[in-house]
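Report on the structure
These are the residues of each chain, in order.
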Amino acid sequence: MRQNLKKFIFSLPKWVRQHLLPLLLTIRVGGLILAAFCLWGFAEIAEEILEQESYVFDEQILLAIAKWHNPVADRIVVGLTYLGQPTFLVILCSILGLLLLFKGKRSEATTLAIAAFGAAGLNLLLKNFFSRDRPQLWERIVDVNFYSFPSGHAMISMVIYGAIAYLLAINFPKWRVAIVSAAVILILAIGFTRLYLGVHWPTDIIAGYAAGIVWLVACILSLELFKARREVNR
């Protein structure tokens with residue numbers, strides 16, 4: 001069996017052996033480890049939510065952030081939080097998906113669509129299951145509805161901006177560090193805005209990121225496995 005595997009690998013095109021396989025192995029191993037850790041973290045937080053054991057920790061953080069409120073920061077945060085609005089993100093993905101289809105990149109477009117609508121649907125299911133109320137520690141300056149856990153802004157922005165960053169990074173490798181760094185900063189900033197506005201508990205944000213990473217890794221792995229299989233079948 002080992003000999004057959006070696007023959008199979010050496011039968012692949014040279015560029016596949018040199019570039020695609022190492023990338024695929026790195027993504028699979030690193031991604032699976034990260035996804036497993038995030039899944040464990042989500043499970044730990046979810047257990048605390050079900051047992052209502054996290055409110056003291058959550059309240060302390062929100063009350064500390066409340067001291068930073070001022071009119072200028074309020075306007076900036078309200079504008080920034082819109083970039084994580086699930087409706088805005090789904091529309092953004094739809095536009096990008098159409099552009100990818102126009103350029104003949106059907107697998108990337110499909111992955112982006114699955115990532116976006118899958119994350120939105122999963123978040124809705126989780127919110128219904130846990131039915132956690134939103135914090136009411138001060139008067140809100142934005143309107144919110146539905147349940148709190150996990151944060152849709154945190155989860156869906158992690159998936160969509162993460163997927164966009166990944167697609168950009170593999171197409172523009174020289175800018176990979178800048179692309180990933182910008183995506184991370186934006187995703188973290190969006191999560192912070194939800195705490196600043198007092199519409200989510202900190203554990204909502206952490207769990208949203210954790211669930212988002214699990215789904216993002218699953219989407220990226222599916223895309224890379226599809227590409228590898230397509231190259232082998234050529």
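Our subject is the structure that appears above.
1. Focus: the overall build of the protein
Counting its secondary structure elements, the protein contains nine helices and zero strands. For the protein, the N- to C-terminal ordering of α and β elements is α-α-α-α-α-α-α-α-α. The buried share among the 234 residues of the protein stands at 42%. Of the accessible surface of the protein, which amounts to about 13,600 Å², a share of 68% is contributed by carbon and sulfur atoms.

2. So, unusual backbone geometry
Put simply, Phe149 and Pro150 share a cis peptide bond, and its omega is -10 degrees. Residue position: Pro150 is located in the loop between helix H6 (106–130) and helix H7 (152–171). Positioned with a positive phi, Ser131 is a non-glycine residue whose angle comes to about 50 degrees. With respect to the secondary-structure elements, Ser131 resides in the loop between H6 and H7. Of note in this structure, Phe146 is not a glycine but carries a positive phi near 70 degrees. With respect to the helices, strands and loops of the structure, Phe146 is situated in the loop between H6 and H7.

3. Thoughts on the pattern of salt bridges
Applying the stated criterion to the full structure yields two salt bridges. Arg132 is the salt-bridge partner of Asp58, the closest N and O atoms lying 2.8 Å from each other. With Asp58 in helix H3 (residues 55–66) and Arg132 in the loop between H6 and H7, the pair connects residues that are 74 residues apart, well separated along the chain. You can call Arg132 buried: its relative accessible area is 2%. Two residues, Asp204 and Arg132, come together in a salt bridge whose shortest N-O distance is 2.7 Å. One end of the pair, Asp204, is in helix H9 (residues 202–232); the other, Arg132, is in the loop between H6 and H7, and 72 residues separate them in sequence.

4. What to know about the packing of helix H5 (residues 86–102) against H6
In contact at an axis separation of 8 Å, H5 and H6 are set at 170 degrees when each is read in the N-to-C sense. Overall, the two elements H5 and H6 adopt an arrangement that is roughly antiparallel. Here Val90, Cys93, Ser94, Leu96, Gly97, Leu100 and Leu101 of H5 lie close against H6, whose contacting residues are Arg106, Glu108, Ala109, Leu112, Ala116 and Phe117. Considered class by class, the residues forming the contact of H5 with H6 number nine nonpolar, two polar and two charged.

5. Things to note about the nonpolar core
In terms of nonpolar packing, the biggest core is built from 39 residues, with Leu112, Ile160, Tyr196, Leu197 and Tyr209 touching the most fellow members. Mapped onto this core, the elements with two or more residues apiece are H3, helix H4 (71–81), H5, H6, H7, helix H8 (176–196) and H9. Residues within four places of Leu112 in sequence aside, it is in contact with Cys93, Leu96, Gly97, Leu100, Ala163 and Ile164. Ranked by size, the runner-up nonpolar core spans six residues in total, among them Leu126, Phe130, Met155 and Ala211.

6. Considerations on the packing of aromatic side chains
Considering all chains together, one arrives at six aromatic pairs under this definition. Measuring from ring centre to ring centre gives 4.8 Å for Phe130 and Phe149, while their planes differ by 75 degrees; the resulting arrangement is edge-to-face. You can see Phe130 sitting in helix H6 and its partner Phe149 sitting in the loop between H6 and H7, a full 19 residues away along the chain. With respect to class, Phe130 is no different from Phe149; both count as buried. Ring pairs connect the aromatic residues Trp68, Phe192 and Tyr196, which therefore count as one cluster.

Definitions and limits used
Residues numbered from 1 in each chain as written. Predicted model: local features only at pLDDT ≥ 70, side-chain atom pairs only at ≥ 80, totals over all residues. Heavy atoms only, no water. Helix = DSSP H or I, 4+ residues; strand = E, 2+ residues; numbered from the N terminus. Buried < 20%, exposed > 50% of the residue type's maximum accessible area, 1.4 Å probe, protein only. Areas by Shrake-Rupley, 256 points an atom, 1.4 Å probe, with all protein chains shown as cover. Salt bridge = Lys/Arg side-chain N within 4 Å of Asp/Glu carboxyl O. Axes fitted to C-alpha atoms, helices over the stretch in contact; angles between N-to-C directions. Parallel < 35°, antiparallel > 145°, perpendicular 65-115°, else oblique. Contact = heavy atoms within 4.5 Å. Nonpolar A, V, L, I, M, F, W, Y, C, P; charged D, E, K, R; others polar. Core = buried A, V, L, I, M, F, W, Y, C linked by side-chain atoms within 4.5 Å. Phe/Tyr/Trp six-rings, centres within 6.5 Å; stacked < 30°, edge-to-face > 60°.

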